[in-house]
Amino acid sequence: MKTLGTHNYYVYILTNRNKTVLYTGVTNNLKDRLYFHRNSDTKNSFTKKYNCFFLVYLEHFQKIQEAIKREKQIKGYSRTKKETLIDNLNPEWHFFNDQFE
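Worth saying up front: this structure is predicted, and the values here are computed from it rather than measured.

Undergrad: Pulling in residues and values, what's your account of the pattern of salt bridges?
TA: Pairs may arise between side chains of opposite charge once their charged atoms sit close together. Overall, the coordinates contain three salt bridges when judged by the stated rule. Residue K75 is joined to E71 by a salt bridge in which the shortest nitrogen-to-oxygen separation is 3.3 Å. You can see K75 and its partner E71 sitting in helix α3 (residues 64-75), four residues apart, about one turn around the helix. Judged by relative accessible area, K75 falls into the partly exposed class, the value being 46%. Here R79 makes a salt bridge to E83, at a shortest N to O gap of 2.6 Å. Linking R79 with E83, this pair stays in helix α4 (residues 79-89), spanning four residues, or about one helical turn.

Undergrad: Quick one: what's the story with unusual backbone geometry, residue by residue and with numbers?
TA: One non-glycine residue, N51, lies in positive phi territory at about 55 degrees. Looking at where N51 falls in the secondary structure, it is placed in the loop between α2 (46-49) and β3 (54-61). A relative accessible area of 42% means that N51 is categorised as partly exposed. The backbone phi angle of W93 is positive, close to 55 degrees, even though this residue is not glycine. Within the secondary structure layout, W93 lies in the segment after α4.

Rules used throughout
Residues numbered from 1 in each chain as written. Predicted model: local features only at pLDDT ≥ 70, side-chain atom pairs only at ≥ 80, totals over all residues. Heavy atoms only, no water. Salt bridge = Lys/Arg side-chain N within 4 Å of Asp/Glu carboxyl O. Helix = DSSP H or I, 4+ residues; strand = E, 2+ residues; numbered from the N terminus. Buried < 20%, exposed > 50% of the residue type's maximum accessible area, 1.4 Å probe, protein only.

Written out as structure tokens, the structure reads:
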């Protein structure tokens, strides 16, 4: 049987510069995904429309099914509950982008 290596999946939350909008996503390559959000030519995308490029929250998973389940769970949260998640990990709401660029 083939041995599977460790995989990296991330559930993340982006915000705009004024921290008024939140976007939740999932990816297996956070560096590329952050680049795509900022540089996409897709003008109708949520992140482009609201300038959500700033990473304020992430969770790491080794199984994509768990990451997708968590992403859906967070997307169902109220704004207040999402803010609490961010506050617990990142109380100052620092932008983590430079750690992945």
